[in-house]
Structures are given as C-alpha cells and as structure tokens.
Amino acid sequence: MGELIYRPSTERDHPDVVAALHSWWDYPEAEARSSQRAALVPRLFFQHFTDTSLIVRDGNRLVAFLIGFLSQSRSDEAYIHFVGVEPRSRGCGLGADLYERFFAVVREHGRRKVLAITSASNTGSQAFHRRMGFTVSDPMTNYDGRGGAHVVFSREI
Ligand SMILES: CC(C)(COP(=O)(O)OP(=O)(O)OC[C@H]1O[C@@H](n2cnc3c(N)ncnc32)[C@H](O)[C@@H]1OP(=O)(O)O)[C@@H](O)C(=O)NCCC(=O)NCCS
C-alpha cells in the first residue's frame, strides 16, 4: 500500500463509495441487500455532510470511507451512517483510525455520544463495534420498516 491520504468527502467521491457499497459488504445477506445499501447513501451525503465524513485513498483508489453527521435534533449526539474498508486492507487498524478521527471531529462540536446501526446478521460489524467500545442492543425487527432486523450501537466519547 502506498501513502494513504485522509480527507473530508466531496461530491466526486460519491460514485466510488456507491461501488464499494455494492462490493465490499460480505455478511451472508449482503449481496441481496446491495442495492438497498447504495440507496441509503444518496449524493446529498456528499453535499451536506462532508465535514464529518472521511475518505481514505491510495492514489486514485478508494481504500476506506466513513459517512457520519452531527445530530441536528439531539445536541450531544453524532451518528455514523456507513463505514467501509476495502477487503484487502482490513485488520490493519484503518476502521479504528476512522472512528477515532470522527470522534475527535464531533467532540469539537460538543458531541458526547455516538450511535450507529447494522444488520443483525452483520456479525463482523458487531465484533468491530464491540471492540471499539460500543454497546450492542438486542436485534430489533422491522427497524426501518423494510423487514429484516438491526442492532443499535451506542458509545459515550
Ligand atoms: C467493519 C470494518 C469497517 C472494520 O474495519 P477494519 O479496518 O478491518 O477494522 P480494524 O482493523 O480497525 O479493527 C479494529 C478492531 O476491531 C476488530 N475487528 C474488526 N473487524 C472484525 C471482525 N470482522 N471480527 C472480529 N473482530 C473484528 C479488530 O480485530 C480490531 O481489534 P484489536 O484492536 O483487538 O486488534 C470492515 O471490516 C468493513 O469494512 N466491513 C464491511 C463493511 C461493514 O460491515 N461496515 C459496518 C456496517 S456500516
């Protein structure tokens, strides 16, 4: 791997992140849900949430990303909407690094709590979040009104 560049997201990153949402997720139902995942990350995230979203590139190659935002309604909270590390770069601390960088950014805005969700069947994501100090809720069925079950992650920062 070459030198990694970390920076806030821009609109130009959107197509690569959509492609990653289709191909990087690997839990049992991930492939069937790839269009749903991509639909959850419209271009507006790359227009209106750029200061709290991070892109990692090696040259032109997208290596990792985190899409997060400050809660508009809960003044002490921030939310991580999606995080992904390309399969070949996992297990090297990149995901943890992105989270620590996000925590630092949102602390500057007075945020003290970070939330996220994942599919109940995404056990890798749950292991990662536990390791990052998040509590994991019991599975909640039909959490987003589209069937399936999700778990909610929560951590004080
Ligand atoms: C989840 C994900 C972002 C983790 O990224 P990563 O760069 O591999 O994570 P790190 O190397 O920083 O790991 C941090 C810690 O979590 C642990 N961890 C990460 N993934 C794990 C897994 N699948 N199973 C068990 N532990 C895991 C690591 O072992 C490490 O613990 P350690 O400090 O004791 O060594 C990455 O696997 C990924 O992109 N998965 C597909 C997309 C996804 O599911 N995103 C989350 C839902 S939006």
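Quick look at the structure, then. This one's a predicted model, so the numbers in the text were calculated from it and none came from an experiment.

**Let's talk about the site of the ligand**
- The ligand sits among 20 residues. The nearest are Val-85, Gly-91, Gly-95, Ala-96 and Arg-131.
- Contacts to the ligand include Val-85, whose backbone N or O atom sits 2.8 Å from an oxygen atom.
- Calculation on the ligand without its partners gives an accessible area of 910 Å², and the protein chains cover 72% of this total.
- Looking at the shell around the ligand, the elements with two or more residues in it are strand E4 (77-85), helix H4 (94-107) and helix H5 (123-131).
- If one sorts the elements of the shell around the ligand by residue count, H5 sits on top with five residues.

**Here we look at the nonpolar core**
- Counting 22 residues, the largest nonpolar core has Leu-66, Tyr-99, Phe-102 and Val-114 as the members making the most contacts within it.
- Contributing elements (two or more residues each) for this core: strand E2 (54-58), strand E3 (61-70), E4, H4, strand E5 (113-119) and strand E8 (149-156).
- Examining the composition of this core, we find that six residues originate from one element, H4, more than from any other.
- Not counting residues up to four positions away in its chain, the partners in contact with Phe-102 are Thr-52, Leu-54, Leu-66, Gly-68, Phe-69, Ala-78, Tyr-79, Ile-80 and Val-114.
- In terms of nonpolar packing, the next biggest core, distinct from the first, is built from 16 residues, Val-17, Val-41, Phe-65 and Phe-69 among them.

**Describing the side chain of Asp-13**
- Assignment of secondary structure puts Asp-13 in the loop between strand E1 (4-8) and helix H1 (14-23).
- With relative accessibility at 1%, the residue Asp-13 sits in the buried group.
- At a separation of 2.8 Å, a polar atom in the side chain of Asp-13 contacts the side chain of Arg-7.
- Residues within four places of Asp-13 in sequence aside, it is in contact with Arg-7, Pro-8, Phe-46, Ile-55 and Arg-57.

**Some details on H1**
- Where H1 is concerned, the buried positions are His-14, Val-17, Ala-20 and Leu-21. End-on, the buried residues of H1 take up no more than an arc of 120 degrees, which puts them together on one face.
- Residues of H1 that are buried sit in contact with helix H2 (34-39), helix H3 (45-48), E2, E3 and E4.

**Describing the pattern of salt bridges**
- Applying the stated criterion to the full structure yields twelve salt bridges.
- The residue Arg-7 makes a salt bridge to Asp-13 at a minimum N-O spacing of 2.8 Å.
- By relative accessible area, Arg-7 is classed as partly exposed at 27%.
- The shortest N-O distance in the salt bridge between Arg-61 and Asp-58 comes to 3.5 Å.
- Under the relative-accessibility criterion, Asp-58 is labelled buried at 16%.
- Residues participating in the shared-partner salt-bridge network are Arg-7, Asp-13, Asp-16 and Arg-57.

**A few points about the pairing of E2**
- For E2, the buried fraction is high: five of the five residues fall into the buried class.
- Here E2 shows two buried faces, one formed by Leu-54, Val-56 and Asp-58 and the other by Ile-55 and Arg-57.
- Sheet topology note: the E1/E2 ladder contains five bridges and is antiparallel. Looking at E2, one finds that Ile-5 is bridged to Arg-57.
- Here E2 runs beside E3; their pairing, made up of five bridges, is antiparallel. Pairing of Ile-55 across the sheet is with Phe-65, part of E3.

Calculation notes
- Residues numbered from 1 in each chain as written.
- Predicted model: local features only at pLDDT ≥ 70, side-chain atom pairs only at ≥ 80, totals over all residues.
- Heavy atoms only, no water.
- Near = heavy atom within 4 Å.
- Polar contact = N/O pair within 3.5 Å; in protein donor to acceptor, adjacent residues only side chain to side chain.
- Areas by Shrake-Rupley, 256 points an atom, 1.4 Å probe, with all protein chains shown as cover.
- Helix = DSSP H or I, 4+ residues; strand = E, 2+ residues; numbered from the N terminus.
- Core = buried A, V, L, I, M, F, W, Y, C linked by side-chain atoms within 4.5 Å.
- Buried < 20%, exposed > 50% of the residue type's maximum accessible area, 1.4 Å probe, protein only.
- Contact = heavy atoms within 4.5 Å.
- Arc of directions from axis to C-beta.
- Salt bridge = Lys/Arg side-chain N within 4 Å of Asp/Glu carboxyl O.
- Pairing = 2+ DSSP bridges.

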